[in-house]
Amino acid sequence: MSNDFASLLSVFRDATSSSGSVKPNASAPANNSGGGGEQPGRASSGSCRREEPLHSSTGKSSNSPTDPTSTKDPSFSAPILKERIERILRVQQIRRSTASSNTKDDEGRSDDAETKRAVHIAICATIVDEFPHEGLWRKWMEETGGEFALEDVISTTTANDASIYNDGDDEGKTKSTSKFTASAELYVHAKNRERVRSEWLRSKALPISHRPNWNDVRIVRAMLSLLEAALREERTTHVLFCTESCIPVATLKEIARSVLLDEVCNWVEMGNGRENLSKQQKHNRQRLDWDRSYVDCYGRNSSRCTRFDEHNCWDILRDSIPGEAIHKALPGWCLLSRKHAQSILNIPSQLGGLNLWPAFERVWAPEEVYFPTALAICGHMDEVSKRSLTHSQWDERASNHKDRAHPLSYDGCFDDKLVSRVRRDGCLFLRKMKRLLDLSVWEQIVVQHKRAQDTGSRHSERGRDWDMDSGRDQARGGDRYQDHGERNRSNHWRSNADSGRRHSNDNQWRQKRGRDDDRSSSYDSSRRQRWRR
């Protein structure tokens, strides 16, 4: 009883302390092999300050306890990890219940939010050894950024109004127009760095490789290393995760504006100028926020959570992480603000030196679960927009389960209709484009807002309709970490109109059906004869 009271008292002291950090329970031994605690982390929502990453990705870091290619941490303990996470969640709950609404609103904005005028996005790409859209990304970073104007509307009637266009009326609101700049930098983690042929790409690659395979926890380690490298640059305000098959479908200035305001960047309207911004976009616009992250995630109680998710995500993590903190993002390639990215890197110091990533070793698609779960542990879910900026689509009707695990490829389908629909859905990046895209076509559609199409590929009505209900002959398979010698799988099966079952031999199926019909007819005939008797 005394131990429980002492533990509760310790939690309350951490919750009411002015430092904002959460100390691990003294009864649990600390593990310093996974990273030190030189700088205290910030676990509570809105309490994270701008700090440099704890460690360098080239040295001994919280992400690299021993071997960078290892999938295990020998000092990992699931019960201790769960106990410390539960302590952090209790501290956050006390802080939320005792904090006033005005205090939370003030903490939700960065200290230098009023003085920031430059959006710098770190593009963190995980690749094998090739980057087919290198020229496209270089043109996007060098020519589509620069200065842009932004009008921030602030309500004068209430300080905690999240939506600045909630009623369509500007009464009681003040407008301020400011000049901003948009820029970006590329950071690359290459599985086979020694095979990278491009000198420019090699200059952007990390000096280490975690050698991740498909559906491997080392993907998470690679993304954490990219996160550390990106935050060493003081200009970085946001971090976007992507792969070699991703491309932007909006200019850098449009993306910076959409990220700051959580605004749907419609292709047609933005092409006609900002003055033609539709009223619907104004209703969807939010207050300018530098700390907002974009992760389309859900919990176990969501209708999006399937039985497969329960077995391969929640059930695996239940011994290490409390269930209410586990979330999954689909797709997992998200955009994080600097504040949230720094909090994720500070998790080992919050957990007394324990790493979080080893708990995800057996989780299906661990990168889809790790980052939303880490944000929930840090207490930032209230600051996350449940919107995906990267468009990905899966074929849930594929006969092979492995085909369902890979997003559909849009090779040969890139045109203004595709870009318009992707952006209308709130996305700014597209995945997958595995083949090299004509740069002039991309520039006409994305930069110049002209109606064009990929002239290097055949377009038919079926090819143009890239919806899930059609286009079943699109190439599937192949992922960011598959060996290049593995061929992409194609879907060659046909769905039978009568029963919906697929058969490799139509003649065999017809013979079987004929035998079944004969049996049923003879059975019915014998029944009728017995009834007459």
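Throughout this description, residue numbers start from 1 for each chain and increase along the sequence as written. The model is predicted, so local features are restricted to residues of pLDDT at least 70 and side-chain atom pairs to those at 80 or more, both for listing and for counting; the totals for chains, interfaces and linings are taken over all residues. Hydrogens and water are ignored here; the side-chain numbers use all heavy atoms of the structure.

Draft legend 1. Just the side chain of E383, in detail. Helical segments are the DSSP runs of H or I of at least four residues, strand segments are the runs of E of at least two, and each set is numbered from the N terminus. Topologically, E383 is positioned in the loop between helix 13 (366-377) and strand 10 (384-385). Accessibility here uses a 1.4 Å probe with only protein chains present; expressed as a share of the type maximum, an area under 20% marks a residue as buried, one over 50% as exposed, and anything in between as partly exposed. Judged by relative accessible area, E383 falls into the buried class, the value being 13%. Within the local environment of E383, its side chain forms a polar contact with the side chain of K339, the two groups lying 3.0 Å apart. Pairs of N or O atoms within 3.5 Å make up the polar contacts considered here, provided that, within protein, one atom can donate a hydrogen while the other can accept it, and that residues adjacent in sequence are counted only when both atoms are side-chain atoms.

Draft legend 2. Structural detail: unusual backbone geometry. Across the junction of L330 and P331, the peptide omega takes the value 0 degrees, indicating a cis bond. With respect to the element layout, P331 can be found in the loop between strand 8 (328-329) and strand 9 (335-337). For the bond running from R431 to K432, omega is 20 degrees, close enough to zero to count as cis. Mapped onto the secondary structure, K432 falls in the loop between strand 12 (429-431) and helix 16 (439-447). A positive phi angle, near 60 degrees, is found at N215, a position not held by glycine. Mapped onto the elements of the fold, N215 is located in the loop between helix 5 (199-204) and helix 6 (218-231).

Draft legend 3. The arrangement of the pairing of strand 4 (residues 238-243) in detail. In terms of burial, strand 4 is a largely internal element, six of the six residues being buried. Side chains H238, L240 and C242 of strand 4 all project onto a buried face; the interleaved residues V239, F241 and T243 project onto the opposite face, where all are buried too. The rule for pairing is simple: two strands pair if DSSP sees at least two bridges between them. Relative to strand 4, strand 1 (residues 118-127) is paired through six bridges, and the arrangement is parallel. Of the residues in strand 4, the one forming a bridge with I123 is L240.

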